[in-house]
Amino acid sequence: MIETQGLTKRYGKLEALKDLNLKIEQGKVFGFIGPNGAGKSTTMMILSTLLRPSSGKAYVGGFDVEKNPREVRQLIGYMPDFFGVYDNLKAIEYLDFYCGAYQIPERKRTALIADLLELVNLSGKADSYVDSLSRGMKQRLGLARCLVHDPKVLILDEPASGLDPRARIEMREILKELRAMGKTIIISSHILPELAELCNDIGVIEKGKLIAYGSVGDMTVGVKGISIMQLKVLDQAEAAEKILTDSPFVKRVDNKNRYFRFQFTGSDVDKAALLANLLSQGIPVVSFSEAKENLEDVFLAITEGVGS
Amino acid sequence: MRGFLTNPVIIKELRERFRTGKTAWILGSYLFVMGAILFGVIYVETANKVYFRPGESREIFILLTVIQLGMIGFIAPALTAGTISGERERQTLNVLLTTHLTPFSIVSSKMLTSLLFISLVVLSSLPLYSFVFLYGGISPVQLIKIFWFFSVNIIFFGSLGVFCSARFRRTGVSTIISYGLTFLVGVGTALITFFLWQFFEMMEWKAVDSDLFPFLFSINPGFVLAEIIGEKVVPPSLTYFMEPWILFSILYLGLSVFLLGWATRVLNPLRKKRLG
Ligand SMILES: Nc1ncnc2c1ncn2[C@@H]1O[C@H](COP(=O)(O)OP(=O)(O)OP(=O)(O)O)[C@@H](O)[C@H]1O
Ligand SMILES: [Mg+2]
């Protein structure tokens with residue numbers, strides 16, 4: 001449904017996107033992860049026909065985004081990372097305006113708008129002025145706006161940014177509903193555990209380069225020969241931390257009051273040596289084991305060593 | 001082209017504009033300024049006289065049209081210079097561009113609603129003219145020409161503002177530049193003409209024989225208005241190769257089309273290369 005081939009975008013000297021190759025099947029949810037400035041928004045804008053790539057090709061539903069923008073626009077619903085709403089318009093009028101912009105016949109609009117407001121839980125706010133809505137409500141209204149023309153593909157740039165935990169959960173539930181409706185969704189986010197639950201595939205992008213790409217299940221830190229270890233001690237936490245940080249194989253030590261979590265890059269032999277070292281220094285070790293990794297670990301491990 | 005009242009941008013603009021106090025405020029202050037000047041002049045003119053003479057009604061008419069021309073130059077940029085940059089600043093432009101609205105339909109609907117508003121403001125001042133007409137002094141043909149001339153001005157200064165708001169990202173910058181260009185067209189061309197005339201006199205060149213001056217006099221709205229009303233501002237020996245108001249209309253309507261075309265181009269996110 002979505003495909004990019006060698007997609008590159010340059011802003012002057014800065015290469016915001018380098019040779020990006022993606023392929024997203026119909027009905028799949030693709031999570032796009034990367035730190036600030038990685039090129040997520042740039043990719044999404046190119047896919048939404050808002051930016052001309054410097055080189056490479058991008059297709060949505062088989063249509064070239066540069067050559068057939070009209071067909072692509074019919075297929076996609078795009079939600080930017082930041083967007084505004086119009087003052088002096090009510091929620092229904094706001095949606096009605098976009099219905100008009102998509103040339104939806106007037107007699108269909110009333111029912112359509114009611115359905116959309118229902119879907120995003122804003123039925124009660126139909127007659128409120130949009131600029132009086134809260135951030136979370138505006139975000140949901142923005143999502144409803146994307147859905148006006150029943151697009152097959154949704155391009156959502158950080159739809160959960162700026163939302164409180166409850167609003168995030170609400171947003172996620174709506175997205176799950178959309179997934180169940182068979183939409184192909186590409187979604188970018190900084191909040192990884194959220195994506196894990198929602199996405200089929202995940203791509204990690206860093207400084208314009210796709211550095212990891214695969215199904216959620218395949219995403220393990222093992223990819224980089226790293227394991228996540230945990231260590232619990234009874235006492236002498238400071239001494240233990242010093243031993244850990246001194247080891248050449250240990251990275252990103254996270255000390256939670258006598259409970260440590262860290263990345264380990266060495267072999268099993270190195271692990272045994274580390275434990276022996278801890279014990280020989282008289283550290284009262286309670287447990288020393290491999291931890292179940294989470295997506296946060298994956299993200300940190302994969303984007304390791306790249307600045308900004 | 002789809003119907004005027006089903007165009008979503010026009011409906012939205014009308015809703016937005018009518019719901020804010022801004023429109024009423026502009027309308028009110030426009031009428032107030034026009035009225036204040038008019039009655040001020042009448043008061044001063046008639047203070048020492050017993051009755052009101054038709055000859056003076058003509059003067060007042062001229063005064064009214066000049067003020068009105070000035071007001072168009074003042075109001076058109078105010079109403080248009082923020083139309084597209086405003087969408088950009090509110091971060092609503094990108095979303096608009098991903099819909100089926102083309103850059104052309106966005107520019108043209110913004111332009112149409114702006115024209116509607118400027119015309120509304122200008123037309124609302126018609127009652128002020130009414131009592132001047134009672135005393136005559138101006139012919140119906142002149143009146144139609146003036147009406148046409150105002151329309152051309154509204155279209156041109158409106159297009160200029162719309163163009164600036166598409167070309168410049170910030171409404172502030174766009175507003176300043178539209179006023180700057182409006183000033184250049186309104187006053188700058190007159191100054192240039194004046195200085196060139198002086199220069200020709202100084203060099204003892206025959207200014208009246210050159211084609212340059214009829215052209216220069218025809219591109220300044222002030223001179224053209226004077227010509228329509230029949231006031232002799234221009235040296236009488238000068239011969240026009242085309243009636244000034246016709247040349248003026250062709251030139252400025254052409255420029256308007258060009259500016260709107262350029263605005264459309266600037267708005268297209270997939271255009272080949274940057275202009276300007
Ligand atoms: N209009 C622009 N002109 C110049 N550079 C730009 C422009 N837009 C983006 N960039 C640069 O391109 C790079 C990628 O930006 P992009 O917005 O795609 O990142 P992102 O992954 O969306 O980041 P974030 O998580 O902060 O939203 C950044 O280094 C940014 O500075
Ligand atoms: Mg972004």
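All of these numbers come straight from a predicted model, not from anything done at the bench.

What counts, and where the lines are drawn
- Residues numbered from 1 in each chain as written.
- Chains lettered and ligands numbered in written order.
- Predicted model: local features only at pLDDT ≥ 70, side-chain atom pairs only at ≥ 80, totals over all residues.
- Heavy atoms only, no water.
- Salt bridge = Lys/Arg side-chain N within 4 Å of Asp/Glu carboxyl O.
- Helix = DSSP H or I, 4+ residues; strand = E, 2+ residues; numbered from the N terminus.
- Buried < 20%, exposed > 50% of the residue type's maximum accessible area, 1.4 Å probe, protein only.
- Contact = heavy atoms within 4.5 Å.
- Buried area = accessible area lost by both parts, 1.4 Å probe.
- Polar contact = N/O pair within 3.5 Å; in protein donor to acceptor, adjacent residues only side chain to side chain.
- Domains from an automatic or database assignment.
- Phe/Tyr/Trp six-rings, centres within 6.5 Å; stacked < 30°, edge-to-face > 60°.
- Near = heavy atom within 4 Å.
- Nonpolar A, V, L, I, M, F, W, Y, C, P; charged D, E, K, R; others polar.
- Pairing = 2+ DSSP bridges.
- Core = buried A, V, L, I, M, F, W, Y, C linked by side-chain atoms within 4.5 Å.
- Patch = residues over 30% accessible without salt bridge, like charges linked within 9 Å, V, L, I, M, F, W, Y side chains within 5 Å.
- Areas by Shrake-Rupley, 256 points an atom, 1.4 Å probe, with all protein chains shown as cover.
- pLDDT = per-residue confidence, 0-100.
- UniProt positions renumbered as here; feature names shortened; annotations may be inferred.
- Axes fitted to C-alpha atoms, helices over the stretch in contact; angles between N-to-C directions.

Q: So what exactly am I meant to see when it comes to the pattern of salt bridges here?
A: As a working rule, side chains carrying opposite charge can pair if their charged atoms are close by. Residue and element names in this part refer to chain B. For the coordinates displayed, the defined rule picks out 19 salt bridges over all chains. For the salt bridge of Lys 110 with Glu 13, the shortest nitrogen-to-oxygen distance reads 2.7 Å. On the criterion of sequence distance, the pair formed by Lys 110 in helix H6 (residues 103–123) and Glu 13 in helix H1 (residues 8–19) is long-range, its members being 97 residues apart. Here Lys 110 and Glu 13 have matching classes, each one buried. Each of Lys 12, Glu 13, Glu 87 and Lys 110 takes part in one network of salt bridges that share partners.

Q: I keep staring at the environment of Leu 175 of chain A and nothing clicks. Help me out?
A: Residue and element names in this part refer to chain A. Examined against the element boundaries, Leu 175 turns out to sit in helix H6 (residues 165–180). For Leu 175, a relative accessible area of 3% translates into the label buried. Between the C-alpha atom of Leu 175 and that of Pro 159, which follows or precedes it by 16 residues, the distance is 9.7 Å. With sequence-adjacent residues up to four places away left out, Leu 175 is seen in contact with Leu 143, Leu 156, Pro 159, Ile 185, Ile 187 and Leu 198.

Q: Just to check I follow, could you spell out the interface of chain A and chain B for this structure?
A: By convention, interface size is frequently given as the accessible area that disappears when the constituent parts associate. Listed by partner, the interface residues are 34 residues for chain A and 25 residues for chain B. Here chain A packs against chain B, burying approximately 2800 Å² in sum over the two surfaces, 58% of which is carbon and sulfur. At the junction of chain A with chain B, the criterion picks out one salt bridge. In this structure, Glu 93 of chain A and Arg 15 of chain B form a salt bridge, with 3.7 Å as the shortest nitrogen-oxygen distance. Put simply, chain A and chain B have eight residue pairs in polar contact (both at pLDDT 80 or more) between them. When residues of the side of chain A that touches chain B are traced back to their parent elements, those giving at least two are helix H2 (69–75) and helix H3 (91–101) of chain A. When residues in the side of chain A that touches chain B are grouped by element, the largest group, six residues, is from H3 of chain A.

Q: Sorry if this is basic, but what is going on with the domain arrangement of chain A here?
A: Looking at chain A, the domain boundaries give domain 1 (2–215) and domain 2 (221–292). Placing a centre on the C-alpha atoms of domain 1 of chain A and another on those of domain 2 of chain A gives a separation of 42 Å.

Q: Which parts of the structure should I look at to understand the packing of aromatic side chains?
A: The geometry of two aromatic rings is summed up by the distance between their centres and the angle between their planes. Evaluation of the coordinates by the stated rule reveals 21 aromatic pairs over all chains. Relative to Tyr 213 of chain A, the ring of Phe 30 of chain A has its centre 5.7 Å away and its plane inclined at 85°; by these criteria the two rings are edge-to-face. Of the two residues, Phe 30 of chain A is situated in strand S3 (residues 29–33) and Tyr 213 of chain A in strand S10 (residues 209–215); the sequence distance between them amounts to 183 residues. With centroids separated by 4.5 Å and ring planes inclined at 45°, the aromatic side chains of Phe 248 of chain B and Tyr 252 of chain B adopt a geometry described as tilted.

Q: It is not clear to me how the site of ligand 1 should be interpreted in this structure. Could you clarify?
A: Residues and elements named next belong to chain A. Around ligand 1, the surrounding shell holds 13 residues, and the nearest of these are Gly 37, Gly 39, Lys 40, Ser 41 and Thr 42. Here Ser 41 contributes a side-chain N or O atom positioned 2.6 Å from an oxygen atom of ligand 1. Elements with a contribution of two residues or more to the shell around ligand 1: strand S2 (14–24) and helix H1 (40–47). Counting residues per element, the shell around ligand 1 draws most heavily on H1, which supplies three residues. Class assignment for the residues of the shell around ligand 1 results in five nonpolar, six polar and two charged.

Q: Could you clarify how one ought to interpret the pairing of S3 of chain A in this entry?
A: On a regular strand, each side chain points to the face opposite its neighbour's, so the side chains alternate between the two faces of the sheet. Residue and element names in this part refer to chain A. The buried count for S3 comes to five of five residues, which makes it a mostly enclosed element. Judged by which residues are buried, S3 turns out to be covered on both faces: Val 29, Gly 31 and Ile 33 on one side and Phe 30 and Phe 32 on the other are all buried. Looking at chain direction, S3 and strand S8 (residues 184–189) are connected through five bridges and run parallel. When the bridges of S8 are listed, Phe 30 appears paired with Ile 186. Relative to strand S9 (residues 201–206), S3 runs parallel, the two being bridged by four bridges.

Q: I'm lost on the environment of Trp 148 of chain B in this one. Help?
A: All names here are of chain B. Tracing the backbone shows Trp 148 in helix H8 (residues 140–167). As a C-alpha pair, Trp 148 and Trp 245 span 97 residues in sequence and 9.2 Å in three-dimensional space. The residues contacting Trp 148, other than those within four sequence positions of it, are Trp 245, Ser 249 and Leu 253.

Q: Even after reading the chapter, I still don't get the nonpolar core, so can you show me in this structure?
A: The tendency in soluble globular proteins is for nonpolar side chains to be buried as a group. By size, the foremost hydrophobic cluster in this structure holds 140 residues, and its most contacted members are Leu 141, Leu 156, Leu 178 and Ile 187 of chain A. Ranked by residues supplied to this core, first place goes to H8 of chain B with 12 residues. Beyond its immediate stretch of four places on either side in the chain, Leu 156 of chain A contacts Met 44, Met 79, Leu 143, Cys 146, Leu 175, Ile 185, Ile 186, Ile 187 and Ser 188 of chain A.

Q: Looking at this model, I keep getting lost on a nonpolar patch on the surface. Mind explaining?
A: Residues and elements named next belong to chain B. Side chains of Phe 183, Val 187, Leu 191, Phe 194 and Phe 195 sit close together on the surface and give an oily, nonpolar patch of about 520 Å² of accessible area. Tracing the backbone shows Phe 183 in helix H9 (residues 171–202). The exposure class of Phe 183 is exposed, given its relative accessible area of 54%.

Q: Looking at this structure, how should I read the pairing of S9 of chain A?
A: All names here are of chain A. With five of six residues buried, S9 lies mostly within the body of the structure. Across six bridges, the pairing between S9 and S10 is antiparallel. Its bridge partner lying in S10, Asp 201 is registered against Ser 215. What sits between S9 and S10 in their antiparallel hairpin is a turn of two residues, with Lys 207 showing a positive phi close to 50°.

Q: Would you mind going over the confidence of the model for chain B with me for this structure?
A: If pLDDT is low for a region, its predicted coordinates should not be looked at in detail. All names here are of chain B. Looking at chain B, pLDDT values average 83 and 88% of them are 70 or higher. The secondary-structure element of chain B with the lowest mean pLDDT is helix H7 (residues 126–134), recorded at 68, while helix H12 (residues 244–267) shows the highest, at 94. The ipTM assigned to the predicted complex is 0.80, against a pTM of 0.82.

Q: Looking at this structure, I do not really get the UniProt feature "transmembrane region" (unreviewed entry) in chain B. What am I missing?
A: Under the present numbering, the feature "transmembrane region" (unreviewed entry) in UniProt falls on residues 24–44, 60–81, 115–138, 144–164, 176–200 and 245–264 of chain B. The span residues 144–164 of chain B carries 100% helix and 0% strand; its end-to-end C-alpha distance comes to 30 Å.

Q: Just to check I follow, could you spell out the sheet that holds strand S7 (residues 153–157) of chain A for this structure?
A: Two orientations exist for strands paired in a sheet by backbone hydrogen bonds: parallel and antiparallel. All names here are of chain A. Spatial ordering of the open sheet is given by S6-S7-S8-S3-S9-S10, a layout of six strands whose pairing is mixed. The open sheet has two edge strands, strand S6 (76–79) and S10, and neither has a second partner. Adjacent strand axes in the sheet meet at a mean angle of 15° when their direction is disregarded. Relative to the sheet, H6 contacts S3, S6, S7 and S8, its axis offset from that of S8 by approximately 155°.

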